[in-house]
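Notes for the structure review
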Amino acid sequence: MDLAYIPSPSTGVINLGPIPLRGYAFCIIIGVFVAVWFGNKRWIARGGRAGTVADIAVWAVPFGLVGGRLYHVITDYQLYFSDGENWVDAFKIWQGGLGIWGAIALGAVGAWIGCRRRGIPLPAWADALAPGIAIAQAFGRWGNWFNQELYGKPTDLPWALKISEGPNRVAGTYHPTFLYESLWCVGVALLVIWADRRFKLGHGRAFALYVAAYCTGRAWIEYMRVDEAHHILGLRLNVWTAIIMFVLAVTYIVISAKVRPGREEVVEPGAAEDAEGIESAAPDADAAADTDRDGDAVGDAQAPDTEAPDAEAPEKNGTAEAAKNA
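**Observations regarding the overall build of the protein**
When helices and strands are tallied, the protein shows 11 helices and 6 strands. Evaluated residue by residue, the protein yields a buried proportion of 37% over its 326 residues. In the protein, the share of contacts with a sequence separation of at least 24, taken over all contacts with a separation of at least 6, comes to 71%. Looking at the protein as shown, the accessible area adds up to about 19,000 Å², and 66% of this sits on carbon and sulfur atoms.

**Side note on the pairing of strand β2 (residues 19-22)**
As judged from the 4 bridges shared by strand β1 (residues 13-16) and β2, these two strands associate in the antiparallel manner. Each bridged residue has a counterpart across the sheet, and for V13 the counterpart in β2 is R22. Counted between consecutive antiparallel strands, the loop separating β1 from β2 contains 2 residues, among which G17 sits at a positive phi close to 65°.

**Digging into a nonpolar patch on the surface**
Together, I243, F246, V247, V250, V254, I255 and V259 make up an exposed nonpolar region whose accessible area comes to about 570 Å². With respect to the helices and strands, the residue I255 is situated in helix α9 (residues 237-259).

**A word on the packing of aromatic side chains**
In this structure the tally under the stated criterion is 12 aromatic pairs. Residues W87 and F91 carry aromatic rings whose centres are separated by 6.2 Å and whose planes lie at 75° to one another, so their mutual orientation is edge-to-face. Both residues of the pair, W87 and F91, count as exposed. Aromatic rings pair up to connect W101, F207, Y210 and Y214 into one cluster. The positively charged end of K162 is found above the aromatic ring belonging to Y5, 5.2 Å away from the centroid.

**Brief notes about the nonpolar core**
By size, the foremost hydrophobic cluster in this structure holds 36 residues, and its most contacted members are W43, W101, W125, V192 and Y210. Those elements that place two or more of their residues in this core are α2 (52-75), α4 (100-118), α5 (122-140), α7 (177-199), α8 (205-224) and α9. The element best represented in this core is α8, accounting for 9 residues. Here V192 is in contact with A130, P131, A206, L209 and Y210, once residues within four sequence places are set aside.

**Notes on the pattern of salt bridges**
In total, this model carries 14 salt bridges according to the counting rule given. D89 is the partner of K92 in a salt bridge, and the nearest nitrogen-oxygen pair spans 3.0 Å. A salt bridge links D227 to R225, with the shortest nitrogen-to-oxygen separation between them at 3.0 Å. A residue is classified by how much of its surface remains accessible, and D227, at 23% relative accessible area, is partly exposed. Accessibility expressed as a relative area gives 10% for R225, which makes it buried. Linked by salt bridges that have partners in common, R141, E181, R218, E222, R225, D227 and R236 make up one network.

**Side note on α8**
What sets the pattern is the α-helix's 3.6 residues per turn: residues three or four places apart point alike. For α8, which comprises 20 residues, the first-to-last C-alpha distance of 29 Å matches the rise-based estimate of 28 Å (1.5 Å per residue) to within 8%. Within α8, 15 of the 20 residues are buried, which leaves it mostly tucked inside the rest of the structure.

**Examining the packing of helix α1 (residues 23-45) against α5**
In contact at an axis separation of 8 Å, α1 and α5 are set at 150° when each is read in the N-to-C sense. If you check the angle between α1 and α5, you find them roughly antiparallel. In this structure, the crossing between α1 and α5 has a hand that is right-handed. Between α1 and α5, the contacting residues are C27, I28, I30, G31, V32, V34, A35, F38, G39, R42 and W43 on the first element and A124, W125, D127, A128, L129, P131, G132, I133, I135, A136, F139 and G140 on the second. Residue composition of the contact of α1 with α5, grouped by class: 17 nonpolar, 4 polar and 2 charged.

What counts, and where the lines are drawn
- Residues numbered from 1 in each chain as written.
- Predicted model: local features only at pLDDT ≥ 70, side-chain atom pairs only at ≥ 80, totals over all residues.
- Heavy atoms only, no water.
- Helix = DSSP H or I, 4+ residues; strand = E, 2+ residues; numbered from the N terminus.
- Buried < 20%, exposed > 50% of the residue type's maximum accessible area, 1.4 Å probe, protein only.
- Contact = heavy atoms within 4.5 Å.
- Areas by Shrake-Rupley, 256 points an atom, 1.4 Å probe, with all protein chains shown as cover.
- Pairing = 2+ DSSP bridges.
- Patch = residues over 30% accessible without salt bridge, like charges linked within 9 Å, V, L, I, M, F, W, Y side chains within 5 Å.
- Salt bridge = Lys/Arg side-chain N within 4 Å of Asp/Glu carboxyl O.
- Phe/Tyr/Trp six-rings, centres within 6.5 Å; stacked < 30°, edge-to-face > 60°.
- Lys NZ or Arg CZ within 6 Å of the ring centre and 35° of its normal.
- Core = buried A, V, L, I, M, F, W, Y, C linked by side-chain atoms within 4.5 Å.
- Expected span 1.5 Å × (residues − 1).
- Axes fitted to C-alpha atoms, helices over the stretch in contact; angles between N-to-C directions.
- Parallel < 35°, antiparallel > 145°, perpendicular 65-115°, else oblique.
- Left-handed = near helix turned anticlockwise from the far one by under 90°.
- Nonpolar A, V, L, I, M, F, W, Y, C, P; charged D, E, K, R; others polar.

Everything listed is a geometric property; what it means functionally is a separate question.
What follows is the structure, encoded as structure tokens:
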């Protein structure tokens with residue numbers, strides 16, 4: 001008898017009249033907003049303009065969603081194009097199925113387009129956004145909890161995930177791999193933030209550290225999963241992908257540190273001048289106000305000296321003299 005376990009939602013959809021609110025989509029949306037908000041704070045701290053991260057995210061997010069779905073459909077094509085399956089389901093993204101590898105790859109293309117339009121270096125923008133992406137993944141993994149999918153092997157641990165009977169799943173308690181990956185992503189975000197402050201990472205090395213750290217956790221978490229997947233030499237496809245991406249990320253960090261050491265001094269042309277202009281405008285306004293106050297004071301002090309002589313005095317004296325003569 002299981003005394004403790006993590007319950008699963010009875011449904012992943014809440015209907016508000018004709019509008020369905022899907023837990024999977026809700027988690028993705030929250031993750032995107034948090035990533036953009038946190039990335040904007042880091043970008044400003046690096047010397048960029050407020051709003052630049054969001055402007056580029058307008059390009060990166062749609063590309064990332066398409067890339068994530070394409071990777072999932074291509075690597076799990078049997079779920080949509082084999083006998084008895086409906087290929088239209090490949091477009092039902094709300095039912096789950098986004099591959100982070102495709103999301104990052106095609107999202108980077110969208111980010112590159114946005115960066116080109118703003119005239120800023122893509123590596124610097126990626127460094128600012130790196131921990132935010134990890135946090136977004138931490139939120140996004142809870143979408144799997146709503147859909148009761150991508151869990152691990154059976155277990156009776158106190159933190160086991162209880163899965164109910166349903167299509168392509170057997171009721172029982174399993175390792176909550178969604179929770180493992182969510183917590184791992186939070187740890188990755190904290191690691192990147194710490195390393196970036198400690199070593200002043202630049203030229204894409206903070207982003208590469210995120211990739212390497214995430215892949216390390218994804219490899220062992222992926223190994224625990226029991227959902228259907230393609231295998232190569234006895235390992236799941238995503239395990240091999242994680243290994244390859246880890247090697248590429250570490251290689252980039254080593255080569256980049258030698259070729260382009262240090263951090264970019266300017267991440268967004270013109271941003272520093274704008275900030276200096278705002279700062280210099282305030283003293284000028286204060287000086288103008290002081291000048292106005294001084295001018296008023298001087299004017300008030302001089303006012304008594306500039307009064308006109310009493311013109312009526314001669315007239316009064318003349319009238320008095322005329323009366324006396326009369």
